[in-house]
Amino acid sequence: MLSITRQFRFDAAHKLERTELSDQENQLLYGKCSALHGHSYTLEVTVSGPVDESGMIINFTELKKLVTDLVITRYDHAYLNELEEYRNEVVTVENMALHIFRTLSKASEFNDLTLLRIRLYETADSWATVTA
Ligand SMILES: Nc1nc2c(c(=O)[nH]1)N=C([C@H](O)[C@H](O)COP(=O)(O)OP(=O)(O)OP(=O)(O)O)CN2
Ligand SMILES: [Zn+2]
């Protein structure tokens, strides 16, 4: 199967915490990651679909605009714990990847495309993958 992938980068701050727990309980559960800190995230978005008359599944420039508008502008330089979607969820790379995948899947612009996979790197060594 033919697919194309574009990478995106954003910087964001978060802390790992379950809001129903005390600071001390969060510290016991998540250690140093219960304190406010930041990451330079890398997001990979992979789509498949027919190659049109222009020779493309989707122009990378268009894909960039879509993902930037729907995800990157909200997440870049954000304090992730304050975003609506994480009010009741821990800001792990797993939950972030699930939210990003759902957001991009729902976008009507992707109707002619199949969102095959997103991969979100929290660090160069740690990432989460969501596949269709
Ligand atoms: N399964 C997950 N585990 C952890 C997540 C996560 O999202 N999913 N997140 C964190 C923290 O966000 C933390 O910031 C990870 O940072 P890292 O530098 O990788 O921490 P380490 O202790 O593993 O690495 P060091 O190089 O020793 O600092 C934690 N876990
Ligand atoms: Zn972290």
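Analysis parameters
- Residues numbered from 1 in each chain as written.
- Chains lettered and ligands numbered in written order.
- Predicted model: local features only at pLDDT ≥ 70, side-chain atom pairs only at ≥ 80, totals over all residues.
- Heavy atoms only, no water.
- UniProt positions renumbered as here; feature names shortened; annotations may be inferred.
- Helix = DSSP H or I, 4+ residues; strand = E, 2+ residues; numbered from the N terminus.
- Contact = heavy atoms within 4.5 Å.
- Polar contact = N/O pair within 3.5 Å; in protein donor to acceptor, adjacent residues only side chain to side chain.
- Donors = N, O, S within 2.8 Å, 3.2 Å for Na, K, Ca; no water.
- Near = heavy atom within 4 Å.
- Areas by Shrake-Rupley, 256 points an atom, 1.4 Å probe, with all protein chains shown as cover.
- Nonpolar A, V, L, I, M, F, W, Y, C, P; charged D, E, K, R; others polar.
- Buried < 20%, exposed > 50% of the residue type's maximum accessible area, 1.4 Å probe, protein only.
- pLDDT = per-residue confidence, 0-100.
- Salt bridge = Lys/Arg side-chain N within 4 Å of Asp/Glu carboxyl O.

- In the annotation of an unreviewed UniProt entry, the protein chain is listed under the name 6-carboxy-5,6,7,8-tetrahydropterin synthase and assigned to Desulforhopalus singaporensis.
- Quoted verbatim from the Pathway (unreviewed entry) field of the UniProt record, the comment on the protein chain reads "Purine metabolism; 7-cyano-7-deazaguanine biosynthesis."
- Annotation of the protein chain in UniProt includes, under Sequence similarities (unreviewed entry), the sentence "Belongs to the PTPS family. QueD subfamily."

Topic: the UniProt feature "binding site: Zn(2+)" (unreviewed entry) in the protein chain
Okay, step 1: In the numbering used here, UniProt assigns the "binding site: Zn(2+)" (unreviewed entry) feature to His14, His37 and His39. A stretch of 26 residues holds the annotated residues, and the largest C-alpha distance among them is 8.2 Å, short enough that they meet in one place.
Okay, step 2: Secondary-structure assignment places His14 in strand β1 (residues 3–14).
Okay, step 3: Apart from the residues within four sequence positions on either side, His14 is in contact with Ala35, Leu36, His37, His39, Tyr41, Tyr79, Leu80, Asn81, Val91 and Glu122.
Okay, step 4: For His14, the side chain forms a polar contact with the side chain of His39, separated by 3.2 Å.

Focus on the coordination of the zinc ion (ligand 2)
Okay, step 1: Protein coordination of the zinc ion (ligand 2) is provided by His14 (NE2), His37 (NE2) and His39 (NE2), with donor distances spanning 1.9 to 2.1 Å.
Okay, step 2: Ordering the donors of the zinc ion (ligand 2) by residue number gives the pattern H-x22-H-x1-H. In this pair, His14 is assigned in strand β1 and His37 in strand β2 (residues 37–48), connecting sequence segments 23 residues apart.

Some points on the site of ligand 1
Okay, step 1: Neighbouring ligand 1 are the residues His14, Leu16, Lys32, Cys33, His37, His39, Thr92, Val93, Glu94, Glu122 and Thr123.
Okay, step 2: Within the side chain of His14, an N or O atom sits 3.2 Å from an oxygen atom of ligand 1.
Okay, step 3: Residue His39 places a side-chain N or O atom 2.9 Å away from an oxygen atom belonging to ligand 1.
Okay, step 4: Coverage of ligand 1 by the protein chains reaches 49% of its 620 Å² of free accessible surface.
Okay, step 5: Going through the elements one at a time, β2, α3 (93–106) and β4 (114–123) are the ones with two or more residues in the shell around ligand 1.
Okay, step 6: Split into classes, the residues belonging to the shell around ligand 1 amount to three nonpolar, five polar and three charged.

Observations regarding the side chain of His14
Okay, step 1: In this structure His14 comes out as buried when scored by relative accessible area, which is 1%.
Okay, step 2: Within polar-contact distance, the side chain of His14 engages the backbone oxygen of Val91 at 2.9 Å.

Quick notes on the confidence of the model for the protein chain
Okay, step 1: In this model, the protein chain carries an average pLDDT of 95, and 97% of its residues clear a pLDDT of 70 or more.
Okay, step 2: Interface confidence in the predicted complex, given as ipTM, is 0.92; pTM for the same model is 0.95.

Regarding the pattern of salt bridges
Okay, step 1: Scanning the entire structure with this criterion turns up five salt bridges.
Okay, step 2: With its nearest N and O atoms 2.7 Å apart, the salt bridge here joins Glu85 to Arg74. Of the two residues, Glu85 sits in the loop between β3 (78–79) and α3 while Arg74 sits in helix α2 (residues 60–75), which places them 11 residues apart along the sequence.
Okay, step 3: Relative accessible area serves as the criterion here: at 18%, Glu85 is assigned to the buried category.
Okay, step 4: Residues Glu84 and Arg87 are paired through a salt bridge, measuring 3.1 Å at the closest nitrogen-oxygen approach.
Okay, step 5: Judged by its relative accessible area of 55%, Glu84 falls in the exposed class.
Okay, step 6: Judged by its relative accessible area of 48%, Arg87 falls in the partly exposed class.

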